[in-house]
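Structural overview
The lines below spell out each chain.
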Amino acid sequence: MTRSAALTLRGVTKHFGAAVAVDGVSLDVAPGSMLGLLGPSGCGKTTVLRAIAGLVPVTAGTITVDGEDITARPPHGRDIGLVFQQYALFPHLSVAANVGFGLEMRGVAAAERRTRVAEALAMVQLSGLDGRRPRELSGGQQQRVALARALVIRPRILLLDEPLSNLDARLRDELRVEIRRIQQRLRITTVFVTHDQAEALAMCDVVGVMSQGRVAQIGPPAEIYERPVSRMVAEFVGRLNTWPCEVVAPGRIRLDGREMPAATDGVANGAALATIRPHRLLLGGAAPAGALNHVTGQVTHVAYVGDLVQYHVAAGALQLRVEAHAARHAETHRVGDVVECRWWPDDLRVFGA
Amino acid sequence: MTVTARRAVLLLTPIMALIAAAFVWPALRLGRISLVQASASGAMTDAVTVANYTTFFTEPANLELAANSLLLSLVVTLATLVCAYPLAIVLHRASSRWQPLLFALTISPLLVSSVVRTYGWMALLGDRGPVNALLVAAGIVPEPVRLVNNALGVAIGLVEILMPYMTLSLVAGFGRLDVAYEEAAASLGAGPVQRFRRVVLPLTLPGVALGCGLVFVLTMSSFITPKLLGGGRVFLLATEIYDLAIVRLQWPTAATLAMVVLAVLGLTTAWFPRLTRRFD
């Protein structure tokens, strides 16, 4: 139904006066795949999206769709669907007129327009709301109308700008699944901008983490999460324990006075930071015998959050944050308990200080 | 009465009292005078009559006055709208850093009395004024064109004088206009013309109605500018009322004309908000 197009950015740069919003971003989005652009606010991810849509002219670099350079084209000549964070549904038009707007601009005849608008509304499960005004819809419904409006024109590329950030958690989970399902069914090349790492990891084929106008790391979600290339990426995509350490040899560090193996990945000898995700720290009986590294400490804080139990453990100079699944027969610990904490050496990732 | 209603009445009392004393009471008096029969000498009698109205509506010269006034008001309103609309868009989009300055500049003409500004226009638009000098020097016209002492001069003066009111009303009614709607329209394939026609214009209609209603009413009731820039050759209801009441001292006829203008203005103010509601 949709022609899957390849999107390529080469050295895209955007200056706002003296400020550099985007600094030489190069990306390839494979036809039919979904790229998540993840980063803190002000990292330039939205500017990249707006540059692809043609809403901000780039200072340098090229944007191509299927090999065709669209860098200089005005937004209305790009054939790119865009869903805004605030939806931007036309308040003076009905739902049907909103969805049909792009078709009207393309000169699609009224009869075909009606059929395609009805199809698009059915796709987002909003059949029957054609006559409503945007203000009469809930946030989730408005979001679906915005999605239908962007998709009904069968754009070559779909851009989503924080589409779920104004919805409550439950609706967000629901729409997350739905957007992904529609994207995969249409096989439409999509760029999804978000500051929510769970959203990016769960929905996208490829995730690009941005920081200060640059792409810090780009790869499949698991790679971003398991093998972050920097402390910034590691901290942004999930919770993290960070301890000062010293690299004594490739693959060996000194942590709180004890030497142990760790994934140093080319970090030079000397002061460094050792990091590990809280759920990769295993307490007491949960740790299999092969897990080499271990420290002994005392539980100082316990927080039960339903599916997880979060512990704070003080071990020497180290403060450990540990997360354990609250399985039915799992061993639980209380404040004051002395516990043994183990981890696999390659889960302890070391970055330059 | 609920507490809220009582509070509303209390808050409205001062302005209601002022309006009653300074507008409603005089307007009623005016209505009463319009029903007075004048004696042959021009003195007012106690007799009540509707003759003043029947005379007004059967006298072709009066109807021409009314037509002149309506036509001039419509032309001035449209011209002011065309001049003020782009300015209002710029003001609406200006960053919060520049907006206060731009607003101050927009309303700064109001610091100078409209009488003074009218004299300014008389100097500018005269046969030997700078505008004509420029037009002749540029070769646009072979000899000076008549820009004052006619309806054109009156219209030029009124458009400039009323622009601040139009601009502020437009900006006040632009609340729904957000650049995101234009961006959405662009991403859906709408070019600049379609974006204006399908998105910007409908969203700014409340401001357009507000500004046009206000400027129409102000034009209908203006008399100093038409009198001075018209050079006694532009005849309108408002200038005629002034003449009748101050120069010729025919108060009942003047009051009748005033009541007719009041009726037209009342209908206009009632109709303009309805116009926008249709697009909402």
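See the structure printed just above.
Cut-off values and rules
Residues numbered from 1 in each chain as written. Chains lettered and ligands numbered in written order. Predicted model: local features only at pLDDT ≥ 70, side-chain atom pairs only at ≥ 80, totals over all residues. Heavy atoms only, no water. Helix = DSSP H or I, 4+ residues; strand = E, 2+ residues; numbered from the N terminus. Buried < 20%, exposed > 50% of the residue type's maximum accessible area, 1.4 Å probe, protein only. Contact = heavy atoms within 4.5 Å. Areas by Shrake-Rupley, 256 points an atom, 1.4 Å probe, with all protein chains shown as cover. Pairing = 2+ DSSP bridges. Axes fitted to C-alpha atoms, helices over the stretch in contact; angles between N-to-C directions. Phe/Tyr/Trp six-rings, centres within 6.5 Å; stacked < 30°, edge-to-face > 60°. Lys NZ or Arg CZ within 6 Å of the ring centre and 35° of its normal.

Per the secondary structure count, chain A includes eight helices and 20 strands. Here the C-alpha coordinates of chain A stretch approximately 75 × 45 × 35 Å along the principal axes. When the 353 residues of chain A are sorted by exposure, 51% land in the buried category. The long-range share in chain A, meaning contacts at least 24 apart out of those at least 6 apart in sequence, stands at 67%. A total accessible area of about 15300 Å² is found for chain A, and carbon and sulfur atoms account for 51% of it.

The next point concerns the overall build of chain B. Helix and strand counts for chain B stand at 12 helices and two strands. Moving toward the C terminus, one meets the helices and strands of chain B in the order α-β-β-α-α-α-α-α-α-α-α-α-α-α. Dimensions of chain B along its principal axes, counting C-alpha atoms only, are 75 × 70 × 35 Å. Residues counted as buried form 39% of the 280 residues belonging to chain B.

All names here are of chain A. Bridge count between strand β1 (residues 7-16) and strand β2 (residues 19-29): seven bridges; the pairing is antiparallel. Residue pairing for β2: H15 is matched across the bridge by V20. With antiparallel pairing between neighbouring strands as the criterion, β1 and β2 make up a hairpin whose turn holds two residues, including G17 at a positive phi of roughly 60°.

Moving on, we come to the sheet that holds strand β13 (residues 258-261) of chain A. Residue and element names in this part refer to chain A. Strand order in the open sheet formed by five strands is β13-β12-β11-β14-β20, and the pairing between neighbours is antiparallel. Either end of the sheet is taken by a strand with one partner, and the two such strands are β13 and β20 (349-352). Neighbour to neighbour, the strand axes of the sheet diverge by 45° on average, direction disregarded. In terms of strand pairing, strand β12 (residues 252-255) meets β13 through four bridges, oriented antiparallel.

Our focus in this paragraph is unusual backbone geometry. Even without being a glycine, E162(A) presents a positive backbone phi close to 45°. By secondary structure assignment, the location of E162(A) is in the loop between β7 (157-161) and α5 (169-186). With phi around 55°, L249(B) is a residue other than glycine that occupies positive phi space. Mapped onto the elements of the fold, L249(B) is located in the loop between α11 (237-247) and α12 (251-277). Residue L249(B) is classed as exposed on the basis of its relative accessible area, which comes to 55%.

Once that is clear, we can look at the packing of aromatic side chains. A full pass over the atoms with the stated rule returns six aromatic pairs over all chains. Each ring, one from F90(A) and one from F101(A), has its centre 4.7 Å from the other, and the planes form 50°; the classification is tilted. One end of the pair, F90(A), is in the loop between β6 (80-83) and α2 (95-105); the other, F101(A), is in helix α2, with 11 residues separating them in the sequence. With respect to class, F90(A) is no different from F101(A); both count as buried. With 4.9 Å between their ring centres and 90° between their planes, F56(B) and F57(B) make a pair best called edge-to-face. Overall, F57(B) belongs to the partly exposed group, its relative accessible area being 48%. Members of the aromatic cluster, each reached through a chain of ring pairs, are Y85(B), F174(B) and F196(B). Geometry around F90(A) places R149(A) over its ring, the cationic atom sitting 4.7 Å from the centre.

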